[in-house]
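Chain by chain, the residues run as shown.
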Amino acid sequence: MTIEYKIEEIDDVARRIIPLLGSRLICFDAPMGAGKTTLIKSLCGAMGANPDEVNSPTFSIVNEYPSDEGTIFHFDFYRVKTLREAIDFGLCDYIDSGSWCLMEWPELVADLLPDDCQTIKIEVIDQDTRRITV
């Protein structure tokens, strides 16, 4: 499914795409500045997490948010240099936990991800408009 939306509609879009997710392992495919963290913040809010606590885990690599849907793990692999680093911080354990794993820059750890990951692609149409493909 593809949805084109204005940035101010992001919370509504998040509520619409949650039922489309067939996996709790979600990879976000988008260029820098496209709104990956913004969409994740809205998804977390729609799942009952406090959206004010959701921020980019660029330096911590993973953030954890309690929600009505269980624990949500939010990853940003942008700073991960090797697969060994991802293994050492326990990525495989997070994936095997059954919890939501929302992953930015997943291509950097693709060899560790199972086949049942679902991808959300975000395309920038213009400054205020995005297109999401689930």
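Every value quoted in this text rests on a predicted model; they were computed, and no experiment measured them.

J.: I'd like a description of the packing of aromatic side chains, backed by residues and values.
T.: For the structure on display, the rule yields five aromatic pairs. Ring centres 4.7 Å apart and planes at 70 degrees place the aromatic pair Phe73 and Tyr94 in the edge-to-face group. Of this pair, Phe73 sits in strand E4 (residues 72-76) while Tyr94 sits in helix H4 (residues 91-96), placing them 21 residues apart in sequence. A relative accessible area of 9% places Phe73 in the buried class. With centroids separated by 5.3 Å and ring planes inclined at 20 degrees, the aromatic side chains of Phe75 and Phe77 adopt a geometry described as stacked. There is no split in this pair, since Phe75 and Phe77 are both buried.

J.: Describe the nonpolar core, naming the residues involved and giving the relevant values.
T.: Core analysis: the largest hydrophobic core is formed by 25 residues, its most contacted members being Phe28, Leu39, Cys44, Ile72, Leu102, Ile120 and Ile122. By size, the runner-up hydrophobic cluster in this structure holds 18 residues, among which are Leu25, Leu91, Ile95 and Leu112.

J.: So what's going on with unusual backbone geometry? Residues and values would help.
T.: The backbone of Ile61 shows a phi angle near 75 degrees, a positive value even though the residue is not glycine. Along the chain, Ile61 falls in the loop between helix H2 (36-46) and strand E3 (62-65). A positive phi angle is found at Trp105, which is not glycine, with a value near 60 degrees. Inspection of the secondary structure assignment puts Trp105 in the loop between strand E5 (100-104) and strand E6 (118-126). When its relative accessible area of 15% is taken as the criterion, Trp105 is described as buried.

J.: Mind laying out a negative patch on the surface, listing which residues take part and the relevant values?
T.: Taken together, the side chains of Glu8, Glu9, Asp11, Asp12, Asp126 and Asp128 present a region of like negative charge at the surface. Position of Glu9 relative to the elements: it lies in the loop between strand E1 (2-6) and helix H1 (10-17). Since its relative accessible area comes to 37%, Glu9 is described here as partly exposed.

J.: Give a detailed account of the pairing of E5, specifying residues and quantitative values.
T.: On a regular strand, each side chain points to the face opposite its neighbour's, so the side chains alternate between the two faces of the sheet. Among the five residues that make up E5, five are buried, leaving the element largely enclosed by the rest of the structure. Residues Trp100, Leu102 and Glu104 line one face of E5 and the alternating positions Cys101 and Met103 line the opposite face, and both faces are buried. Relative to E5, strand E2 (residues 25-29) runs parallel, the two sharing four bridges. Bridging across to E5, Leu25 finds its partner in Cys101. Bridging between E4 and E5 involves five bridges; their strand directions are parallel. Across the sheet, Phe73 pairs through a bridge with Cys101, a residue of E5.

J.: Could you give an account of the pairing of strand E7 (residues 129-133), with specific residues and numbers?
T.: One ladder, built from five bridges, connects E1 with E7; its direction is antiparallel. Residue pairing in the sheet places Glu4 in a bridge with Arg131 of E7. Alignment of E6 against E7, held across five bridges, turns out to be antiparallel. Bridge pairing in E7 places Ile122 opposite Ile132. Here E6 folds back onto E7, and the loop between the two strands holds two residues.

Procedures and definitions
Starting from 1, residues in each chain are numbered consecutively following that chain's sequence as written. Where totals are concerned, whole chains, interfaces and linings use all residues; where local detail is concerned, this predicted model gives features only for residues with pLDDT of at least 70, and gives and counts side-chain atom pairs only at 80 or more. To get the side-chain values, take all heavy atoms of the structure and skip hydrogens and water. Stacked, tilted and edge-to-face pairs are distinguished by plane angle, under 30 degrees for stacked and over 60 for edge-to-face with tilted covering the rest, among Phe, Tyr and Trp rings (Trp via its six-membered ring) whose centres lie within 6.5 Å. A helix here means a DSSP run of H or I that spans at least four residues, while a strand means a run of E at least two residues long, and both kinds are numbered starting from the N terminus. Accessible area is worked out with a 1.4 Å probe on protein chains only. A residue is then buried under 20% of its type maximum, exposed over 50%, and partly exposed in between. Buried Ala, Val, Leu, Ile, Met, Phe, Trp, Tyr and Cys residues form a nonpolar core when they are joined through side-chain atoms within 4.5 Å. Like-charged residues within 9 Å of one another, or nonpolar side chains (Val, Leu, Ile, Met, Phe, Trp, Tyr) within 5 Å, are grouped into patches, provided each residue has over 30% relative accessible area and no salt bridge. Computed by Shrake-Rupley with a 1.4 Å probe, the accessible areas treat only the displayed protein chains as cover when residues are assessed. The working definition used for a salt bridge is a side-chain nitrogen of Lys or Arg within 4 Å of a carboxyl oxygen of Asp or Glu. Under this rule, positive means Lys or Arg and negative means Asp or Glu; His and the chain ends count for nothing. Taken as the charge location is NZ of Lys, CZ of Arg, CG of Asp or CD of Glu. A pair of strands is labelled paired if DSSP reports no fewer than 2 bridges between them.

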